[in-house]
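# Coordinates in review
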Amino acid sequence: MKRDMATPSSLDDITESEETDLCDWQLPLAFMKKRHLERIEGSKTVTQTWRMKERMKTVSVALVLCLNVGVDPPDVVKTSPCARLECWIDPLAMSPQKALEAIGGNLQKQYERWQPRARYKQSLDPTVEEVKKLCTSLRRNAKEERVLFHYNGHGVPKPTVNGEIWVFNKSYTQYIPLSIYDLQTWMGSPSIFVYDCSNAGIILESFKQFSQQREQEYEACNELAQINRNHPSLHNNMPLPPPLKNCIQLAACSTTQLLPMNPELPADLFTSCLTTPIKIALRWFCCQRSAKLVPDITLELIDKIPGRLNDRRTPLGELNWIFTAITDTIAWNVLPRELFQKLFRQDLLVASLFRNFLLAERIMRSYNCTPVSSPRLPPTYHHPMWQAWDLAVDHCLSQISTVLQGSEYKHSPFFAEQLTAFQVWVISGSEMRSPPEQLPIVLQVLLSQVHRLRALDLLGRFLDLGPWAVSLALSVGIFPYVLKLLQSSARELRPLLVFIWAKILAVDSSCQADLVKDNGHKYFLSVLADPYMPAEHRTMAAFVLAMIVHNYPNGQEACLQGNMIAICLDQLSDPHHLLRQWLAVCLARIWTNFDAARWCGVRDSAHEKLYVLLNDPLPEVRAGAVLALGTFIGNCTERTDHANNIDHNVGLTLLNISQDGSPIVRRELSVALNEFVCQFESHFVMISMQLMEEEQKRQNELHSPDNLLPDDTGAFGGGSRKASTASLRRVNSTLPVSHSSSNLLNGPLSPLGSGSSAGSHSSSSLGSGDLLVPPSGGLFSPDKMRRIPSGASLSSLWAPSYGSVYAQVWKVILQLSNDPHPDVRDLCAKIIGAINLKASITAKPQRVKESRKTYSAPNSPTNRQLGNTYLDDSPPNDKLAIPHEIARPVALKPGEQPPPARPQNPAPIGAQFAHSHQFPRSRKLFDKGPSVSRTSITNTYEEAEEVMSHRKIEIQTEFASWSCKYFAQSVMKMPEEVDPESTLHHEREWRFVRDTKVRREAREQQKKAQFSRLDDQIFINKNQNVPLGICFHPYESHVVVADRDGISTWNWEQGAKLNHFYNGNVKPTRITSIDLLNAHDIPLLLTGSDDGAVRVWRNYSGENGKPHELVTAWQALTDMLPSTRGSGMVVDWEQESGMLLASGDVRIIRVWDTQREVRLQDIPTGADSCVTSLACDSVGRSLLIAGCGDGSVRLYDRRLAPQECRVMTLREHNSWVVKVHLQKGGDGNIISGSVAGDVRFWDPRFTESVNTINTVQSLTALEVHEQAEVFACGSANQLISVYNLAGDNLSTIKYHDGFMGQRIGPLSCMAFHQHKVLLAAGSSDSFLSIYAVDKKR
């Protein structure tokens, strides 16, 4: 595609006469919904790492203080004055012992602020034994939980390079070293160590070395134990080393640094930062130069700041709240996600200590002291969020003096400003940008009622950006906050919370357990039941509930108790389509493998209420209803007459949608029918067994010389229709015909073309497997062929209705196993293959049965099990009569060899049987299903038992998971197709400008066409096979050519083939019609084959290296009559309305709505011959014209009732009508041409033609240009004649250019370009030629 053809600026040049060109924007697009543009599969499961594998709790705290008050350690020279405060106590202000005890008590209180429920033990100026006793005792009591070891070494020497810290002897006369190696042993794992002493970094290095040494020793003992297994004690006595990763360490300074001695600071500055962060942060702020900007601030004033730390409404509490938000934000933005989860979300005390550790780093670095930790953290002291903290402190301190005098405190704008910053990020946010640094602050704001509504709204908008945003929010810790909010009764929060939870569950469904545990499901049940809630929010509530009950029995039970089924059923008629869809999915999931929910649904007539959705305009809703009905059938564990009757009713109702136009509906139908088959498996195995018996009998009969037809007698499928009457009657003599009302498979006998064959029975009564037989007797004229429904009487093994249900279900499964869409076909093939395999094993010779003890089969069909029914020595006396539509003899084709002798019973399922060859041009509705190799037939009872024990045939679709993706993706963002700034919109705008330019340039050609010769051959090439259909792309230089089963795309300007692929229609069917959908935008190729199947392809031209894709496929016609000289299927496409008309070798014209993918109506043709051509009025959309094989042209008004819609029949043609065309405009004429060469013009108001032009004889193709007043006639006599509408012969083409005068072949098809005056012609010699107006003119 050349983008320089036109530019958007060309829009300014469009004249008034070209206003209609702008309707490109208004034209509906067919098959461009999400279900067409992507595969129906769920999102790839991404392992969520936000949820901690195990939460930990610090249950024990050892406070070891080595102060030796009044005595300085020998290796530290202190300044004068010097820092003295320990835990905000001056130890010199009281006696040493009291000071020590007071300091220990204060330290414990400071830790209890962060972990009040821990077990605290103080060890003041201890000995080695006391430390050992303390540590081992706490570890023993803590078990697998975390223990904290706080060490203050201000009164002892610095740690040694040998990995020792110092304690005392009993008399306090000596410093005694305590090895870190021993401390590791006593403390065990998991543990946290806090070292407040000079050179503390040495301890971390020693700790790491000892851990590695311990691991090496353990590995060595382990290897020794493996070598000498006689002495396992070597291994058992060696204690497991504490894993280094489970030990957390915080040290006040690095290996060579001394603690700060500034007298303005406390001596235990590191401990103060960790345990009293707000107090030390405010004091440090006052010591900075910036504090001078705030007048009258003193240390004494700081101690008077009113409020409590845990009350966010007070100044002190607000500062603490801001501090928590800022340190959380810094950590989340700087630390790796996994490390952040471990340190800040696993343990409350550890999280608090590390938040405060960030403050310690900032403060102590200002005094040339660098705190260190294990695991090591990146530097955070220079993070810009600290400036926000300074501003918040400044804002608070500037008011303190006035607040103390009675003024009202003005709360900090910090959170409002951070929400605004977050909002700015969200507006232009994407996955490619760095995450918003304010996200942890948004979580903190959820705690505040003042900002909560805005925070939830912004959080929802952020989550709407995509699954990556949800994962980010979960990793930062959103989950407990939004879970807690479900306890709120505020109505204004409901829409926001429902939206947020829908986003969370769309990404991580494991949250269902947390919701049920906290009774969160009740919140969503109340939202769903609230009639005042908008449908969009009820839809999200339905989705959340569907996720809660999905494969989670506790969730199913909880929602059942919450009356979810009744709530869902009451809203099934809601106008909002997405709500209807999710209500159906919700019901499907709640009673999946949950019998109590099923019977609750039975009591509420759930299945009958769901029937209404089977006719819903939206395919997704219909698929959801089928999913719900399928799981409704599939979970009944107790088989009773009542359960059977309900399942039969559901099964028969589901059969009504077997010809649905949407593949997603038929896929769900396949799964639902599989559930039905699994519930009544023994009945279907019996049907399959009887099919095998019929096959064997039929083959035996066909091998008999009396039953072999003469060579000149053809089969009905692909040969001649002129079979001898005697042979036909002999073949049909074994088919008993029942007219009883209990025959549910087929309707009563009806003459060909009657109303019953066109309307109500169009989907089933004229199956493509029905026989054409001449009538016996004088009921109908002997020269008329008559269709006999081939359903036989069903003298069932149990009751007529049972047999009818199973036979009908099996027939539909067989039909779907030949579905044009491969997904549907494969699903049903699995069902048939499994049943056939079990039938083969069941029908094994007696030696299999004799190896088991036999049981007599019960009389009741409800309790009949497969094992004791078919492995019984005494099979049932009654025989299940299978409809002979499923099993009937078929005559041999001319020249066909008799089939090989049937193998000994049972035959391999993969063997070819006679009935699989009948009517080969129609779909093989009643073949035996997919083949199974001979090796899969088991020969021993054990193998048979293994197969028979697998009762459930597991097939499934991903429709429900695919539907969940809607909530995982953005629902607030403007769709790309309507976003004027999107790339998609710009590309579409360019295409529409290109279209306008092509139409404008073509108008000059159209004006001259009626006077110009059209014989300049601009393209010729040999196609893969004989062209059967041609279609120009209206705006690009592409022409699409269809042969029997392949599609070729040519670039006629460059003379190159762009692509070729196979259509997928079953041999020997052929493509009989093609058309382009959405040709004004991104085109799709529609193909119709003579078995009634329609397929729609994307990327058919293979441009840009994209492979062709099947968009959709369905059975547009189900009643195709087999013939050798038939029209196949003809279609007519209306882009303006999205309607597709289909007819051909049938007695109806079927109207499809492609937007809803449903059949709108069947219009009886009233003709005894096939329909050869279709046309319709795209303006009024009510007039429909059909050309027929008997020469008649029939006009229909689709607004009228089926039996009254034929308003006129034009009968001047005496032979096959090749083409009918309706000229554009409200008063356009009808143009028709027949094989005899007469082209007639009709005024739709009259029954007589207004003009006749006699053209070429043996007319095989007629094409009328859409815009120019010319038409072309192609003949089997190897010529093309072009005429204007006045009847003047403009040109006659007989020879190819450049082929040495080679004569063109008999014409097989032709097509005009929609706008340009170009004519493409395909001939039976496989050549494709394109002709243009003579360049000289």
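Residues numbered from 1 in each chain as written. Predicted model: local features only at pLDDT ≥ 70, side-chain atom pairs only at ≥ 80, totals over all residues. Heavy atoms only, no water.

### Notes on the overall build of the chain
Where we set the bar: Secondary structure elements are defined from DSSP: runs of H or I of at least 4 residues count as helices, runs of E of at least 2 residues count as strands, and each element is numbered from the N terminus. When a residue's accessible area, from a 1.4 Å probe over protein chains only, is under 20% of the maximum for its type it is buried; when over 50% it is exposed; and in between it is partly exposed. Here, two residues are considered to be in contact whenever any of their heavy atoms come within 4.5 Å of each other. Surface accessibility follows the Shrake-Rupley procedure with a 1.4 Å probe radius. Residue values consider only the protein chains on display as shielding.
Within the chain, the secondary structure is distributed over 40 helices and 38 strands. The 1337 residues of the chain split such that 59% are buried. Here the analysis covers contacts within the chain between residues at least 6 apart in sequence; of these, 67% occur between residues at least 24 apart. Of the roughly 55,800 Å² of accessible surface on the chain, a fraction of 50% belongs to carbon and sulfur atoms.

### Quick look at the side chain of Gln 418
Looking at the element boundaries, Gln 418 is found in helix H14 (residues 414-427). Overall, the relative accessible area of 12% leaves Gln 418 in the buried class.

### As for the nonpolar core
What counts is decided by this rule: To define a nonpolar core, start from buried Ala, Val, Leu, Ile, Met, Phe, Trp, Tyr and Cys residues and group those joined through side-chain atoms within 4.5 Å.
Counting residues in hydrophobic clusters, the biggest one holds 259 residues, and the most contacted among them are Phe 462, Trp 501 and Phe 524. If one sorts the elements of this core by residue count, helix H19 (residues 494-507) sits on top with 11 residues. Beyond its immediate stretch of four places on either side in the chain, Phe 462 contacts Phe 422, Trp 425, Val 426, Pro 436, Leu 439, Trp 468, Ala 469, Leu 472 and Ala 473. Formed by 20 residues, the second largest nonpolar core is a distinct cluster that contains Val 1094, Met 1129, Leu 1140 and Trp 1152.

### As for the sheet that holds strand S8 (residues 372-374)
We apply this condition: Following DSSP output, two strands are said to pair if at least two bridges run between them. To obtain an axis, a line is fitted to C-alpha atoms, over the contacting stretch when the element is a helix, and the angle between two such axes runs from 0 to 180 degrees between their N-to-C directions.
Ordered by their spatial adjacency, 6 strands build an open sheet running S2-S1-S3-S6-S7-S8, and the pairing between neighbours is mixed. For this open sheet the edge positions go to strand S2 (119-124) and S8, each flanked by a neighbour on one side alone. Strand after strand, the sheet turns through a mean of 10° between neighbouring axes, direction not considered. Sheet analysis places strand S7 (residues 247-251) next to S8, joined by 3 bridges and oriented antiparallel. Opposite Leu 250, over in S8, you have Ser 373 as the bridge partner.

### Things to note about the pairing of strand S38 (residues 1327-1333)
Taking burial as the measure, the 7 residues of S38 include 6 buried ones, the bulk of the element. Relative to S38, strand S37 (residues 1318-1323) runs antiparallel, the two sharing 5 bridges. Opposite Gly 1322, over in S38, you have Leu 1328 as the bridge partner. Connecting S37 to the antiparallel partner S38 that follows it, the hairpin turn spans 3 residues, and Ser 1326 within it adopts a positive phi of roughly 75°.

### Structural notes on the packing of aromatic side chains
For clarity, the cut-off: When the centres of two rings from Phe, Tyr and Trp lie within 6.5 Å, Trp using its six-membered ring, the rings pair. Their planes under 30 degrees apart give stacked, over 60 give edge-to-face, and anything left gives tilted.
Within the structure shown, the criterion is met by 39 aromatic pairs. A centroid spacing of 5.4 Å and a plane angle of 65° characterise the contact between Phe 323 and Trp 389, whose relative ring orientation is edge-to-face. With Phe 323 in helix H10 (residues 315-334) and Trp 389 in helix H13 (residues 385-404), this pair connects stretches of sequence that are 66 residues apart. Between the aromatic rings of Phe 479 and Trp 501, the centroid separation amounts to 5.5 Å while the plane-to-plane angle is 75°, which identifies the pairing as edge-to-face.

### A closer look at the confidence of the model for the chain
Note the following rule: In predicted models, pLDDT denotes the confidence assigned by the predictor to each residue on a 0 to 100 scale.
Averaged over all residues, the pLDDT of the chain equals 82, while 80% of them reach at least 70. Confidence over residues 846-941 falls short of pLDDT 50; this stretch has 238 contacts with residues more than four positions distant or in other chains.

### Structural notes on unusual backbone geometry
With an omega of 0°, the peptide bond running from Ser 189 to Pro 190 counts as cis. Mapped onto the fold, Pro 190 is located in the loop between helix H4 (180-187) and strand S6 (191-196). One non-glycine residue, Asn 199, lies in positive phi territory at about 55°. Locating Asn 199 in the fold gives a position in the loop between S6 and helix H5 (201-227). The backbone phi angle of Ser 1258 is positive, close to 50°, even though this residue is not glycine.

### Thoughts on the sheet that holds strand S17 (residues 1084-1089)
The sheet built from 4 strands is open, its strands ordered S16-S17-S18-S19 with antiparallel pairing. Unpaired on one side and paired on the other, strand S16 (1071-1077) and strand S19 (1109-1115) mark the two borders of the sheet. Adjacent strand axes in the sheet meet at a mean angle of 20° when their direction is disregarded. Pairing geometry for S16 and S17, over 6 bridges, is antiparallel. Pairing of Asp 1075 across the sheet is with Leu 1086, part of S17.

### Remarks on the packing of helix H8 (residues 277-287) against H13
Between two packed helices, what matters for the description is the angle formed by their axes and the separation of those axes. Test applied: Roughly parallel means an angle under 35 degrees; roughly antiparallel means over 145; roughly perpendicular covers 65 to 115; every other angle is labelled oblique. In this classification, the charged set is Asp, Glu, Lys and Arg, the nonpolar set is Ala, Val, Leu, Ile, Met, Phe, Trp, Tyr, Cys and Pro, and all remaining amino acids, among them Gly, are polar.
Packing of H8 against H13 brings their axes to within 11 Å, and their N-to-C directions diverge by 85°. Viewed along their axes, H8 and H13 adopt a mutual orientation that is roughly perpendicular. Contact residues: Ile 278, Ala 281, Leu 282 and Phe 285 in H8; Trp 389, Asp 390, Val 393, Asp 394 and Leu 397 in H13. Of the residues belonging to the contact of H8 with H13, the class tally is 7 nonpolar, no polar and 2 charged.

### Looking at the side chain of Ser 1173
Put simply, the rule reads: Each polar contact in these results corresponds to two N or O atoms within 3.5 Å; when the atoms are within protein, one needs to be able to donate a hydrogen and the other to accept it, and residues that are neighboring in sequence are counted only if both atoms are side-chain atoms.
In this structure, Ser 1173 sits in strand S24 (residues 1171-1176). Here the side chain of Ser 1173 touches Val 1220 through a polar contact of 3.0 Å, landing on its backbone nitrogen. Setting aside anything within four residues of it in sequence, one finds Ser 1173 in contact with Val 1130, Ile 1185, Ala 1186, Gly 1187, Val 1218, Lys 1219 and Val 1220.

### Brief notes about the packing of helix H29 (residues 641-654) against helix H30 (residues 663-679)
In plain terms, the rule: Two helices cross in a left-handed way if the nearer one is turned anticlockwise from the farther one by less than a right angle. They cross in a right-handed way if the turn is clockwise.
At their nearest, the axes of H29 and H30 sit 11 Å apart, and the two run at 150° to each other. The angle between the axes of H29 and H30 places the two elements in the roughly antiparallel class. Where H29 crosses over H30, the two elements pack in a sense that is left-handed. Residues Asp 647, His 648, Gly 651 and Leu 654 of H29 form the contact with H30, whose participating residues are Leu 669, Ala 672, Phe 676 and Gln 679.

### Some details on the pattern of salt bridges
Quick note on the threshold: In what follows, salt bridge is the name for a side-chain nitrogen of Lys or Arg lying within 4 Å of a carboxyl oxygen of Asp or Glu.
Applying the stated rule across the entire model yields 45 salt bridges. For Arg 365, the salt bridge goes to Glu 361, with nearest N and O atoms at 3.2 Å. Of this pair, Arg 365 and Glu 361 are both found in helix H12 (residues 348-365), 4 residues apart, which corresponds to roughly one turn of the helix. Given the relative accessible area of 7%, Glu 361 is considered buried. The partner of Glu 1036 in a salt bridge is Arg 994, and the shortest N-O contact between them spans 3.0 Å.

### Examining the pairing of strand S13 (residues 1038-1042)
Most of S13 sits out of view: 5 of its 5 residues are buried. The pairing of strand S12 (residues 1029-1032) with S13 spans 4 bridges and is classified as antiparallel. The residue of S13 that forms the bridge with Gly 1029 is Ala 1042. Between S12 and S13, which follow one another and run antiparallel, lie 5 residues. Summarising the sheet, S13 and strand S14 (residues 1046-1051) pair through 5 bridges and their orientation is antiparallel. By the bridge assignment for S14, Val 1039 is matched with Trp 1050. Between S13 and S14, which follow one another and run antiparallel, lie 3 residues.

### A short note on helix H28 (residues 619-634)
What counts here: To estimate how far a helix should reach, multiply one less than its number of residues by 1.5 Å.
Taking 1.5 Å of rise per residue, 16 residues should cover 22 Å, and H28 covers 22 Å from first to last C-alpha, within 8% of that figure. Taking burial as the measure, the 16 residues of H28 include 16 buried ones, the bulk of the element.

### Structural notes on the environment of Lys 34
Tracing the backbone shows Lys 34 in helix H1 (residues 34-37). Lys 34 has contacts with Trp 962 and Gln 969, leaving out every residue within four places of it along the chain.

### Focus: the environment of Trp 25
Position of Trp 25 among the secondary structure elements: in the segment before H1. Linking Trp 25 and Arg 988, residues 963 residues apart in sequence, is a C-alpha distance of 9.0 Å.

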